[in-house]
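Each chain is listed here by its residues.
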Amino acid sequence: MQLKKAIYATLFVAFVMMGTSKAVAQSSSLNAYSPYTFYGIGDINEQGNAVTRAMGGAALGFRNPLYINSVNPASYSSVRSNSFLSNFDMEGQNVYARTTAAKTSNNSFNIRDISMSFPLGKGLGAGVSVSPYSSVGYRVQFYDQDPDVLANIGQMLYAYTGEGDVTQFKAGIGWEPFKGFSIGADVVYLHGNIERSYNAIPTVITGSGGYHTLMGTIQENIDKFFGSVGMQWTPISNTNNVLTIGAIYQMGGRMNGKVVETVPVNATLAPEINAVEKEYTSDFSLANTYGLGLYYHRTKWSVGVDWKFADWGSRNQGDVSENIRFRNTNKVSLGGQYTPNPGDVRNALNRWTYRAGLRWAQNYVVLNDTPISDVALTMGVGIPLRMTGLSNINLGLELGQRGTTNAGLVRENYLKFTIGFSFFGEDYWFMKVKYD
């Protein structure tokens, strides 16, 4: 019961911190820092908690009654009948970006994931989670090099900024209709706000006439419901070997975000009007996502691999004039974990779980006919809070690179550090208490 109280207290603090972090992020910080978030709904975050992300994100076949796996809802059925699971993660990151002419860096720290899972009956479990889905954050500016502009106006500075986040709320159930086979479903709700602005700032050094700074903004509010379904099948299960096959399908569809755009007006033609406001519905679509994974487990070690496909390019139009297009994407994750001796009472390091993984993914935007890819090396460690090892502190480290300096693009090197708290609480959920 003491552990259960600690779980509730931790979750309460986590939700309060998440609200505070969001308020700060909207006013003074960016949860992402990348020019590649200029398009679509920004940078799609890697799903899963600190445990699976330290294994490269291999989670579709991951099935463990001690950990929450919100990536595949079929895993909810693995929660023990008299237990309650909760998880809380925080993440800090540093992004170092460079082009052929400049370089910059940025740091951020954010609440990452909050999730809970609990039993509903025999072979039936539920899970709820709150996690970041995507983030937008960029500050880009450049001078127009067009000779005609320089000759007739002078220097023209273009400045683009963007920030915002889309948060993902999940609630679902997992059911094991017969031993070794589970199915599950999540209701998913995306909510967020993204604001983009652009400025054209002239410095008149030649020519005649009046020139004014032009400013415009695009504000998009996102409210989207959709669903995902999952399956886990364990064809091999004995004392020494467990093999689980996992699969998911996540529905796509139009985001239907409400967009309010403020368009600047030429001050010479209409001096009494500064800007015109337009409202419309975004035609950007969320991709259908298909995933297949394997996870093999032995007493001391386990290893998994995932493949995911998303049809972004089939559902979204690019901008031919700007040489921008969307494409279908693939992602491959590989990772595993090792515990030297879970029952060692003398050496605590032998009870620690060591994790590592690799991830390769394609970005859904193609710029200047140049595909953008993301590759990352992950590692981490799980530290049991007690001798039994049922509750853990999970540390994770991710080193990655995205993009290229070719074709006028940006190469990003990033470092992410995650700390997660995974709590396992024993309780008698369905016991009727009798009093004499």
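Think of each chain on its own: its residues are numbered from 1, step by step along the sequence as written. Predicted model: local features are reported for residues with pLDDT of at least 70 only, side-chain atom pairs are reported and counted for 80 or more only, and whole-chain, interface and lining totals are derived from all residues. Note that water and hydrogens are dropped before the side-chain values are worked out from all heavy atoms of the structure.

K.L.:
What is the right way to look at the overall build of the protein chain in this model?
P.N.:
Counting its regular elements, the protein chain contains 4 helices and 21 strands. The burial tally for the protein chain puts 49% of its 436 residues in the buried class. Whether two residues are in contact is decided by their heavy atoms, any of which lying within 4.5 Å being enough. Long-range contacts, defined here as pairs at least 24 residues apart, represent 66% of the contacts in the protein chain between residues at least 6 apart. Total accessible area computed for the protein chain in this model is approximately 21400 Å², and 58% of it derives from carbon and sulfur atoms. Segments assigned H or I by DSSP are reported as helices when at least four residues long, segments assigned E as strands when at least two residues long, and all are numbered from the N terminus. Accessible area is worked out with a 1.4 Å probe on protein chains only. A residue is then buried under 20% of its type maximum, exposed over 50%, and partly exposed in between. Using a 1.4 Å probe, the Shrake-Rupley method yields the accessible areas, and only the shown protein chains count as cover for residues.

K.L.:
Would you mind showing me how to read the packing of aromatic side chains here?
P.N.:
Each aromatic ring pair is specified by the distance between its two centres and by the angle formed by the two planes. Stacked, tilted and edge-to-face pairs are distinguished by plane angle, under 30 degrees for stacked and over 60 for edge-to-face with tilted covering the rest, among Phe, Tyr and Trp rings (Trp via its six-membered ring) whose centres lie within 6.5 Å. Counting across every chain of the model gives 18 aromatic pairs. Between the aromatic rings of Tyr249 and Tyr290, the centroid separation amounts to 5.2 Å while the plane-to-plane angle is 35°, which identifies the pairing as tilted. With Tyr249 in strand E8 (residues 242-250) and Tyr290 in strand E13 (residues 289-297), this pair connects stretches of sequence that are 41 residues apart. Put simply, the rings of Phe38, Tyr39, Tyr138 and Tyr160 pair up and form one aromatic cluster. Only when the NZ atom of a Lys or the CZ atom of an Arg is both within 6 Å of the ring centre and within 35 degrees of the ring normal do we say a charge sits over the ring. When the ring centre of Tyr67 is taken as origin, the NZ or CZ atom of Arg355, which lies over that ring, is 5.8 Å away. Over the ring of Tyr414 we find Lys416, and its NZ or CZ is 5.3 Å from the ring centre.

K.L.:
Looking at this structure, how should I read the nonpolar core?
P.N.:
In a soluble, globular protein the nonpolar side chains are often hidden away together inside. To define a nonpolar core, start from buried Ala, Val, Leu, Ile, Met, Phe, Trp, Tyr and Cys residues and group those joined through side-chain atoms within 4.5 Å. Counting residues in hydrophobic clusters, the biggest one holds 26 residues, and the most contacted among them are Ile41, Leu190, Leu286 and Trp312. Secondary structure elements with two or more residues in this core: strand E4 (124-143), strand E6 (181-204), strand E7 (214-237), strand E15 (324-326) and strand E18 (365-367). Among residues more than four places away in sequence, those in contact with Leu190 are Tyr133, Val166, Thr167, Gln168, Ile222, Asp223, Lys224, Phe226, Met255 and Leu286. Met55, Phe62, Tyr67 and Phe424 belong to the second-largest nonpolar core, a separate cluster that totals 10 residues.

K.L.:
Just checking my understanding: could you explain the pattern of salt bridges for this structure?
P.N.:
Once their charged atoms are close, side chains differing in charge can pair, the charge on each being opposite to the other. Think of a salt bridge as a Lys or Arg side-chain nitrogen and an Asp or Glu carboxyl oxygen that are within 4 Å of each other. Enumeration over the complete set of coordinates arrives at 12 salt bridges. Of the charged contacts in the structure, one is a salt bridge between Glu91 and Arg112, with a shortest N-O distance of 3.8 Å. Here Glu91 is found in strand E2 (residues 83-98), whereas its partner Arg112 is found in strand E3 (residues 103-121), with 21 residues between them in sequence. Considered together, Glu91 and Arg112 belong to a single accessibility category, that of buried residues. Between Arg139 and Glu163 there is a salt bridge, with its nearest N and O atoms 3.4 Å apart. Of the two residues, Arg139 sits in strand E4 while Glu163 sits in strand E5 (residues 154-178), which places them 24 residues apart along the sequence.

K.L.:
Explanation requested: the pairing of strand E17 (residues 353-362) in the structure shown.
P.N.:
A regular strand places its side chains so that they alternate between the two faces of the sheet. On E17, burial follows the alternation: Thr353, Arg355, Gly357, Arg359 and Ala361 on one face are buried, whereas Tyr354, Ala356, Leu358, Trp360 and Gln362 on the facing-out side are not. Here 8 bridges tie strand E16 (residues 329-338) to E17, and the two strands are oriented antiparallel to one another. Among the inter-strand pairings, Leu334 is bridged to a residue of E17, identified as Leu358. Strand pairing requires that DSSP identify at least two bridges connecting the strands.

K.L.:
I'm lost on unusual backbone geometry in this one. Help?
P.N.:
Leave glycine aside and you will find that most residues have negative phi; peptide bonds, for their part, are mostly trans. Positive phi, close to 60°, is recorded for Asn323, a residue that is not glycine. If you trace the backbone, Asn323 turns up in the loop between helix H4 (312-315) and E15. For Asn323, a relative accessible area of 31% puts it in the partly exposed group. Positive phi values are uncommon outside glycine, yet Asp369 reaches one of about 60°. Overall, Asp369 belongs to the exposed group, its relative accessible area being 57%.

K.L.:
What should I look at first to understand the environment of Lys103 in this one?
P.N.:
By secondary structure assignment, the location of Lys103 is in strand E3. The class for Lys103 is exposed, based on a relative accessible area of 55%. Spatially, the C-alpha atom of Lys103 lies 9.2 Å from that of Val410, the residues being 307 residues apart in sequence. Those residues in contact with Lys103, other than ones at most four positions away along the chain, are Tyr96, Ala97 and Arg98.

K.L.:
Just checking my understanding: could you explain the confidence of the model for the protein chain for this structure?
P.N.:
Caution applies to low-pLDDT regions: their predicted coordinates should not be interpreted in detail. With 82% of its residues at a pLDDT of 70 or more, the protein chain shows a mean pLDDT of 85. Counting contacts from residues 1-29, a segment whose pLDDT is below 50, to residues more than four positions away or on other chains yields 36 contacts. Confidence of the prediction at every residue is given by pLDDT, a number between 0 and 100. The low-confidence segment residues 267-271, where pLDDT is below 50, has 3 contacts with residues more than four positions distant or belonging to other chains.

K.L.:
How should the side chain of Asn363 be read in this particular structure?
P.N.:
With respect to the helices and strands, the residue Asn363 is situated in the loop between E17 and E18. Overall, Asn363 belongs to the buried group, its relative accessible area being 12%. Polar contacts here mean pairs of N or O atoms no more than 3.5 Å apart (in protein, one a potential hydrogen donor and the other a potential acceptor; neighbouring residues in sequence count only if both atoms are side-chain atoms). A distance of 2.9 Å separates the side chain of Asn363 from the backbone nitrogen of Val365, its partner in a polar contact. With residues up to four places along the chain from it excluded, the contact list for Asn363 reads Arg327, Thr329, Ile372 and Arg402.

K.L.:
What should I look at first to understand the pairing of E8 in this one?
P.N.:
One ladder, built from 8 bridges, connects E7 with E8; its direction is antiparallel. Among the inter-strand pairings, Met231 is bridged to a residue of E8, identified as Ala247. What sits between E7 and E8 in their antiparallel hairpin is a turn of 4 residues. Summarising the sheet, E8 and E13 pair through 9 bridges and their orientation is antiparallel. Looking at the pairing, Tyr249 lines up with Tyr290 of E13.

K.L.:
Which parts of the structure should I look at to understand the side chain of Asp89?
P.N.:
Mapped onto the secondary structure, Asp89 falls in strand E2. On the basis of relative accessible area, Asp89 is assigned to the buried category, the value being 0%. In this structure Asp89 touches Asn49, Ala50, Arg53, Ile111, Arg112, Asp113, Thr418, Ile419, Gly420 and Phe421, once residues within four positions along its chain are discounted.

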